Structures are given as C-alpha cells and as structure tokens.
Amino acid sequence: MKKSKIVWNDKTLDRFLAKPMAMVPGTAMTYDGVPDAADRADLIAYLKQVNETAQCERAASWHK
C-alpha cells in the first residue's frame, strides 16, 4: 500500500473500496470490494466521522 503512493481522498477511497485488487495490484486485501456505491458512500462518511474522534487523533499522533 505504501508503495502505491496513492493520495487518499473520497474519490480514491471509493475506487479502492469498489475494487481493491484492481486499484492496488498485489494488495493483501482479501475481499472483492463493496459493489454498491451507496454502501461505499456510507462507509466513507463513517470513516470520516470516526477519524475526527479524540481517540483516533491520539492514535494518529502515536504514528508520527
């Protein structure tokens, strides 16, 4: 994943969630993706919401 140099945003995350192996050949992701666009949009919205929590911010600071 790091070698892919993907800049993660809503568009790239949506493409990845739709077909992870097509977007990042050789990825270790072992699922075929989320085919429904509405489900992907809901998942991305959820991830954004969780990312803004204090718990997630603390975890991100540990990786710096």
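Now for a description of the structure that goes with this document. (Residues numbered from 1 in each chain as written. Predicted model: local features only at pLDDT ≥ 70, side-chain atom pairs only at ≥ 80, totals over all residues. Heavy atoms only, no water.)

## Concerning the side chain of Arg40
Note the following rule: In this description a helix means any DSSP run of H or I spanning at least four residues, a strand means any run of E spanning at least two, and both kinds are numbered starting from the N terminus. Contacts: residue pairs with any heavy atoms within 4.5 Å of one another.
Here Arg40 is to be found in helix α3 (residues 37-51). Setting aside chain neighbours within four positions, we find Arg40 in contact with Asp14, Leu17, Ala18, Val34 and Pro35.

## Topic: the packing of helix α1 (residues 10-18) against α3
Selection criterion: Each axis is a line fitted through C-alpha atoms, and for a helix only the stretch in contact is used; angles between axes span 0 to 180 degrees, taken between their N-to-C directions. With respect to orientation, any angle under 35 degrees is reported as roughly parallel, any angle over 145 as roughly antiparallel, any angle of 65 to 115 as roughly perpendicular, and every other angle as oblique. Each helix crossing is assigned a hand: it is left-handed if the near helix lies turned anticlockwise from the far helix by less than a right angle, otherwise right-handed if that turn is clockwise. For this classification, the nonpolar set comprises Ala, Val, Leu, Ile, Met, Phe, Trp, Tyr, Cys and Pro, the charged set comprises Asp, Glu, Lys and Arg, and every other residue, Gly included, is treated as polar.
Relative to each other, α1 and α3 sit at 125°, their axes nearing to 10 Å. Classified by the angle between their axes, α1 and α3 sit oblique to one another. As for the relative orientation of α1 and α3, their crossing is right-handed in sense. Every residue of α3 that contacts α1 at Asp10, Leu13, Asp14, Leu17 and Ala18 is listed here: Arg40, Leu43, Ile44, Leu47 and Lys48. Tallied by class, the residues present in the contact of α1 with α3 amount to six nonpolar, no polar and four charged.

## Comments concerning the packing of aromatic side chains
Here is the rule we go by: Here a pair means two rings of Phe, Tyr or Trp (six-membered ring of Trp) with centres within 6.5 Å. Their orientation is stacked below 30 degrees between planes, edge-to-face above 60, and tilted elsewhere.
On inspection of all chains with the given rule, the structure shows one aromatic pair. With a centroid separation of 5.5 Å and 80° between ring planes, the pair formed by Trp8 and Phe16 is classed as edge-to-face.

## Some points on unusual backbone geometry
In most cases, non-glycine residues show a negative phi, while peptide bonds are predominantly trans. Convention followed: Buried means the residue's accessible area, taken with a 1.4 Å probe over protein chains only, is under 20% of the maximum for its type, while exposed means over 50%, and partly exposed covers the values in between.
In this structure, Lys5 takes a positive phi of about 55° despite not being glycine. On the secondary structure map, Lys5 appears in the segment before α1. When its relative accessible area of 73% is taken as the criterion, Lys5 is described as exposed.

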